[in-house]
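Structure assessment
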Amino acid sequence: MSAALKIGFENPVAQSQAVFRAVMMALARPGTVRRLDVPVDAVPALDPAAAAVALALCDYETPVWLDPALAADLQVQEFLRFHTGAPVTEARALASFAFVPLGGEVPALDDFAQGSLDYPDRSTTLVVAVEALAEGEGWRLTGPGVAGEGRFIARPLPADMLDRLQRNHALFPRGVDLVLTCGDRFAAIPRSTQVDA
Amino acid sequence: MNAPLTSGYNFAYLDEQTKRMIRRAILKAIAIPGYQVPFASREMPMPYGWGTGGVQVTAAVLGADDTLKVIDQGSDDTTNAVSIRKFFEKTAGVATTTVTSEATVIQTRHRIPETPLKEDQILVYQVPIPEPLRFLEPRETETRTMHALEEYGLMHVKLYEDIARHGHIATTYAYPVKVAGRYLMDPSPTPRFDNPKMHQSPALQLFGAGREKRIYAVPPYTDVVSLDFEDHPFEVNKFDKPCALCGAEGVYLDEVILDDRGGRMFVCSDTDHCETRRADGNRGEMSPDSSENRP
């Protein structure tokens, strides 16, 4: 055990709630950029927002898939194991949450748990770190949670990300939900959102 | 604001693992509008039927700086509303209010406030039977498949039978809706008068059914369409008279029996709306402070 285990949340009860509320509103209003307004003492390999999502929502019931770089990082493993107790899985299709750091390769969305038509909720929430995200420009978003239409862009993402998101939406009610983090800012694109160029 | 309990309970009663489980269910419910997410409902210190589902959703959502409003059939003052409000005052120490516009979280039993809701407000419904198809098909395995296949013809047959028998759609509460063009959803036993308020509401709507262990959601700005037929379009209940106390029209009214000789009055079901209007000087025909009614 390294001596420098990061403490995560200073006040887990209040901070988990604050993070959850922000994530909830991000999913309820796709493409709106939220700011994490609680301090998180996290390992450097994880964005503060991504670490906050893990601390607030993961526990022994939620298998977590980690990008190879994260999975190889002992600090990340210790941090997640100590604070959340979440089992780390290599099987993407079994993961409740999946984390991809900046520079990591985003796997095919349909590699992850998609849920079934009977139980579409049994699907992965994918948390991907990006360098920049902005609302008001870029992709056109429509669907539940978007008043009229919204604009949202994040980069870097795979060149075919738009196509992947469209296929993910076409599977509705199956599919994954995407949370994009950028430092302490984040936004979400749930499977219910129609994304166009 | 009351001093929160410093020992004995976690914030808002539920333990953190339970809250995380409920929170994850809420996130999936929002991502799949109208789909009922199963969750491991806990026993609460109140009986089923008193809103244990709504209470668990509220407990998972609530933060220390929230302002909570609880209504039961539109009223802030009935037993159910008072007990739940006190429950959260005691276990979470949150501020409470009866004023719709001041609340950040509103837990409701069977009404949607008359005052239009705003962005970032959260409406939490207490739901007794979340499955709209349950009285038509008792088997959970079958209703689940019907949702999976979007096979909702049976509900249209039920509404058609209403028309065949009564000449109009006689379903007055828990009137089935279709959410975002996909899932058939029970809006909980709200009067169908309230159905149009769910459509494209700026507020987030969360539904909790404790006994049936289901959570579902309607995100803000989402289409919520009441089922109907071209030749029998959906209509809301209409009232002959305005509220007898505040004179409001176009609101949902409760009938109050006054004596055993057929005396009755119709008053706003939403007590906050009625009180606010009366404070603004609006008077109905039976208002005690109306000049006509003074001796």
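So, here is what we can say about the structure in this document. (Residues numbered from 1 in each chain as written. Chains lettered and ligands numbered in written order. Predicted model: local features only at pLDDT ≥ 70, side-chain atom pairs only at ≥ 80, totals over all residues. Heavy atoms only, no water.)

The next point concerns the interface of chain B and chain A. Taken together, the 40 residues of chain B in the interface contact 40 residues of chain A. Between E119 of chain B and R29 of chain A there is a salt bridge, with its nearest N and O atoms 3.4 Å apart. Inspection of the region where chain B meets chain A yields 21 residue pairs in polar contact (both at pLDDT 80 or more). Going through the elements one at a time, α1 (16-31), β1 (37-38), α2 (52-61), α4 (140-148) and β8 (204-209) of chain B are the ones with two or more residues in the side of chain B that touches chain A. (Contact = heavy atoms within 4.5 Å. Salt bridge = Lys/Arg side-chain N within 4 Å of Asp/Glu carboxyl O. Polar contact = N/O pair within 3.5 Å; in protein donor to acceptor, adjacent residues only side chain to side chain. Helix = DSSP H or I, 4+ residues; strand = E, 2+ residues; numbered from the N terminus.)

There is about 510 Å³ of room inside the largest pocket. Of all elements in the fold, only α1 and β1 of chain B reach the threshold of two or more residues within the lining of the largest pocket. Among the elements that take part in the lining of the largest pocket, α1 of chain B stands out by supplying five residues, more than any other. Of the residues assigned to the lining of the largest pocket, the class counts are 13 nonpolar, four polar and six charged. Approximately 420 Å³ is the volume found for the second largest pocket. Around the second largest pocket, the lining is made up of 19 residues, and of these Q17, A18 and R21 of chain A together with G63 and D65 of chain B lie nearest the centre. Ranked by residue count, the leading element in the lining of the second largest pocket is helix α1 (residues 12-28) of chain A, at seven residues. (1 Å grid on protein atoms, 1.4 Å probe; cavity = no way out; pocket = protein on both sides within 12 Å on 5 of 7 lines; lining within 4 Å. Points joined across faces, edges and corners; volume = space filled by probe spheres on them. Nonpolar A, V, L, I, M, F, W, Y, C, P; charged D, E, K, R; others polar.)

Below, the discussion takes up empty space enclosed by the protein. The gaps left among the atoms become clear once a water-sized probe is rolled over them. If you walk through the whole model with that rule in mind, you get one cavity of 30 Å³ or more. In this structure, the largest cavity is lined by D118 of chain A together with G34, Y35, Q36, E131, E140, R144, H147, Y183, L184 and R214 of chain B. At the level of elements, α4 and β7 (183-185) of chain B are the ones that each hand at least two residues to the lining of the largest cavity. A total of three residues in the lining of the largest cavity trace back to one element, the largest contributor, which is α4 of chain B. The residue makeup of the lining of the largest cavity, split by class, is three nonpolar, three polar and five charged.

Nothing here speaks to function; it is geometry throughout.
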